[in-house]
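The primary structure of each chain is shown beneath.
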Amino acid sequence: MSPVDEEQMLGLKGLREFLRVRTSYDVLPLSFRLIVLDNDLLIKKSLNILVQNGIVSAPLWDSHNSRFAGLLTSTDYINLIQYYCQFPDQVDKVEEFRLSSLRGMTLAPQVPYASVSVGYQNKLKNDRAADVLVLTTDIEKAIGVLPLETVSVHPSEPLYEACSRMLKSRARRIPLIDIDDETNRETIVSVITQYRILKFIAVNTEPHTMLLKRTVREIGLGTYKNLITAKMSDTVLDVINQMVVHNISAVPVVDKNNVVLNVFEAVDVIPCIKSGVYDELTFSVGEALCKRADDFPGIYTCQEDDRLESIFTTLRQSRVHRLVVIDDNWHLKGMISLSDILKYVLFYGEEEYATIA
Ligand code: ATP
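Counting restarts for each chain: residues are numbered from 1 in the order of the written sequence. At least 70 in pLDDT is required for a residue's local features to be given in this predicted model, at least 80 for side-chain atom pairs to be given and counted, and no such filter applies to totals for whole chains, interfaces and linings, which use all residues. With hydrogens and water stripped out, all remaining heavy atoms of the structure feed into the side-chain values.

(A) Molecular detail of the state of the cysteines. When two cysteine sulfur atoms are found within 2.5 Å, that pair is recorded as a disulfide. Counted according to the given criterion, the structure contains zero disulfides. Its sulfur unpaired, Cys272 is 11 Å from the next cysteine sulfur, which belongs to Cys290.

See below:
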């Protein structure tokens with residue numbers, strides 16, 4: 001092993017040890033707000049609440065059974081759009097849908113596996129978090145998608161466990177669920193995201209991240225083949241379909257010479273449907289991107305010769321959700337998602353690295 005590789009492995013070891021001694025509680029700020037939506041809320045109202053509060057997801061609460069009912073994310077709205085496209089004559093019904101018809105219902109840990117489909121058992125079998133199962137909802141059933149798996153962690157479990165569970169279940173955020181001592185019922189403490197975890201790592205582990213001298217190219221970080229792209233003139237609906245088919249949450253927008261102009265993200269769908277006018281989905285990507293909030297920070301790029309160390313510097317300094325890999329002339333080369341970075345940090349050099357999609 002070369003000295004650079006030795007240093008790289010030392011840095012990764014340091015990061016993994018850090019994640020094993022810290023808990024999800026440590027990631028939370030001293031004071032924070034948590035917006036929880038009642039599962040009986042009309043979908044239309046939920047959109048306005050998200051937009052007004054500048055958030056893109058929220059935990060759901062089943063007030064009939066006083067328990068956590070899953071996480072509402074942009075994927076749920078994308079499912080709703082798929083439903084609308086497949087059943088356009090049901091537009092009136094879409095207006096009346098409540099969140100409970102949108103998002104999977106969470107079942108208690110004691111529910112036996114036998115009650116869920118085989119596909120689900122397979123998906124869950126390697127996961128210690130298999131204590132939470134999800135039933136297909138009306139919309140998920142109608143459009144034929146598998147329900148999102150809702151995994152959760154206890155806030156005092158090691159952060160390494162939360163990250164590992166997130167990566168293995170392909171969840172981009174994970175709710176922290178505790179049990180109230182007095183009532184013995186579930187309490188939603190907060191939700192942690194890949195973004196928050198990577199920011200926490202970047203801010204607190206500089207002595208380790210500065211050892212990560214291998215470049216993006218050398219460690220093969222990100223995706224470089226079969227990249228899914230869009231043109232400014234494509235419709236929002238086209239791009240949403242691409243995201244669903246390829247199970248990705250962002251599509252770089254390029255010109256005819258493959259020069260990167262912008263990135264359309266799953267969360268960009270929310271402003272398009274907030275008024276309840278689904279016709280806006282036939283708008284072009286260019287028009288939809290104009291709806292972004294004024295304080296949108298822009299997109300972040302890097303090059304294949306950038307070291308992982310410098311990516312951690314960008315994560316430390318900015319609100320990065322993904323990096324577009326470009327060449328000197330802004331031609332698209334690849335995409336690095338937060339899950340790519342987290343996966344490398346946790347599993348590089350271990351058996352799981354190749355097996356986690
Ligand atoms: P999020 O970005 O929502 O936090 P994530 O980190 O899982 O979630 P995704 O954008 O869903 O990010 O990426 C999932 C995988 O797909 C990653 O390995 C990433 O490199 C790859 N990927 C991302 N965007 C594209 C794209 N436009 N074309 C092809 N592959 C992509």
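There's plenty left to go through after this.
(B) Seen up close, the pattern of salt bridges. Basic side-chain nitrogens of Lys or Arg form a salt bridge, by our definition, when they fall within 4 Å of a carboxyl oxygen of Asp or Glu. Summed over all chains, the structure comprises 14 salt bridges. For Glu206, the salt bridge is made with Arg316, and the minimal N-O distance between the two is 3.6 Å. Here Glu206 is found in helix α11 (residues 206-209), whereas its partner Arg316 is found in helix α16 (residues 308-317), with 110 residues between them in sequence. Buried means the residue's accessible area, taken with a 1.4 Å probe over protein chains only, is under 20% of the maximum for its type, while exposed means over 50%, and partly exposed covers the values in between. Looking at Glu206, the relative accessible area reads 41%, which means it is partly exposed. Secondary structure elements follow DSSP: runs of H or I no shorter than four residues count as helices, runs of E no shorter than two count as strands, and numbering proceeds from the N terminus.

(C) Representation of the site of the ligand. Consider each residue's heavy atoms; a residue with any of them within 4 Å of a molecule or strand counts as near. Around the ligand there are 18 residues in total, and Arg172, Thr223, Ser249, Arg322 and Asp340 lie nearest to it. The separation between an oxygen atom of the ligand and a polar side-chain atom of Arg170 is 3.4 Å. In this structure, an oxygen atom belonging to the ligand sits 3.1 Å away from a side-chain N or O atom of Gln194. Surface accessibility in these figures is a Shrake-Rupley result with a 1.4 Å probe; residues are shielded only by whichever protein chains are displayed. Notes on the ligand: free accessible area 620 Å², of which the protein chains cover 87%. Those elements that provide at least two residues to the shell around the ligand are β8 (250-254), β12 (332-337) and α17 (338-347). Of all the elements, α17 adds the most residues to the shell around the ligand, at three residues. Asp, Glu, Lys and Arg are counted as charged, while Ala, Val, Leu, Ile, Met, Phe, Trp, Tyr, Cys and Pro are counted as nonpolar; the rest, among them Gly, fall into the polar class. Of the residues belonging to the shell around the ligand, the class tally is seven nonpolar, seven polar and four charged. Nitrogen and oxygen atoms within 3.5 Å of one another constitute a polar contact, given that in protein one can donate a hydrogen and the other can accept it, and given that sequence-neighbouring residues count only through two side-chain atoms.

(D) Molecular detail of a nonpolar patch on the surface. Taken together, the side chains of Phe32, Leu34 and Val36 present a nonpolar region at the surface, about 200 Å² in accessible area. Secondary-structure assignment places Val36 in the loop between α2 (24-27) and β1 (37-38). For patches, a residue must show more than 30% relative accessible area and have no salt bridge; joins then use 9 Å for like charges and 5 Å for nonpolar side chains, namely Val, Leu, Ile, Met, Phe, Trp and Tyr.

(E) Here's a closer look at the nonpolar core. The biggest cluster of nonpolar side chains holds 47 residues, and the ones touching the most others in it are Ile311, Phe312 and Ile341. With seven residues, α17 is the single largest residue contributor to this core. Throughout, a residue-residue contact means that at least one pair of heavy atoms, one from each residue, lies within 4.5 Å. In contact with Ile311, other than residues within four places in its own chain, are Val216, Leu221, Cys302, Leu323, Ile336 and Ile341. Counting residues in hydrophobic clusters, the runner-up holds 37 residues, among them Val94, Ile240, Met243 and Ile270. Among buried residues, those of type Ala, Val, Leu, Ile, Met, Phe, Trp, Tyr and Cys that are joined through side-chain atoms within 4.5 Å constitute a nonpolar core.

(F) Spotlight on the sheet that holds strand β10 (residues 300-302). The three strands are arranged β10-β11-β12 in an open sheet whose pairing can be described as mixed. A single partner strand is all that each edge strand has here, and the edge strands are β10 and β12. Taken over all neighbouring pairs, the strand axes of this sheet differ in orientation by 30° on average, direction set aside. By the bridge criterion, five bridges tie strand β11 (residues 322-326) to β12 in an arrangement that is antiparallel. Any two strands with at least two DSSP-identified bridges between them are counted as paired. Axes, fitted as lines to C-alpha atoms, cover a helix only where it is in contact. Angles between the N-to-C directions of the axes lie from 0 to 180 degrees.

(G) Here's a closer look at the confidence of the model for the chain. Taken as a whole, the chain shows an average pLDDT of 84; of its residues, 86% reach a score of 70 or greater. The predictor's confidence in any single residue is recorded as pLDDT, a number from 0 to 100. Predicted confidence is poor over residues 104-135, with pLDDT under 50, and the contacts of this stretch with residues over four places away or in other chains come to 55 contacts. Note on the complex model: pTM 0.85, ipTM 0.92.

(H) Up close: the packing of helix α1 (residues 3-21) against helix α10 (residues 194-204). Two elements in contact, α1 and α10, have axes separated by 11 Å at closest approach and are oriented at 115°. The chirality of how α1 crosses α10 is right-handed. Together, Leu15, Phe18 and Leu19 of α1 and Phe200, Ile201 and Asn204 of α10 make up the contact between the two elements. Its residues assigned to classes, the contact of α1 with α10 comprises five nonpolar, one polar and no charged. By convention, the crossing between two helices is left-handed when the near helix turns anticlockwise from the far helix through less than a right angle, and right-handed when the turn is clockwise.

(I) Representation of the packing of helix α9 (residues 159-169) against α10. Direction vectors running N to C along α9 and α10 enclose 140°, while the axes themselves pass 11 Å from each other. Here α10 runs oblique to α9, going by the angle between their axes. Handedness of the crossing formed by α9 with α10: left-handed. Residue-level inspection shows Leu159, Cys163, Met166 and Leu167 of α9 in contact with α10, the latter providing Gln194, Ile197 and Phe200. Among the residues forming the contact of α9 with α10, the class breakdown is six nonpolar, one polar and no charged. In these notes the angle categories are as follows: under 35 degrees is roughly parallel, over 145 is roughly antiparallel, 65 to 115 is roughly perpendicular, and the rest is oblique.

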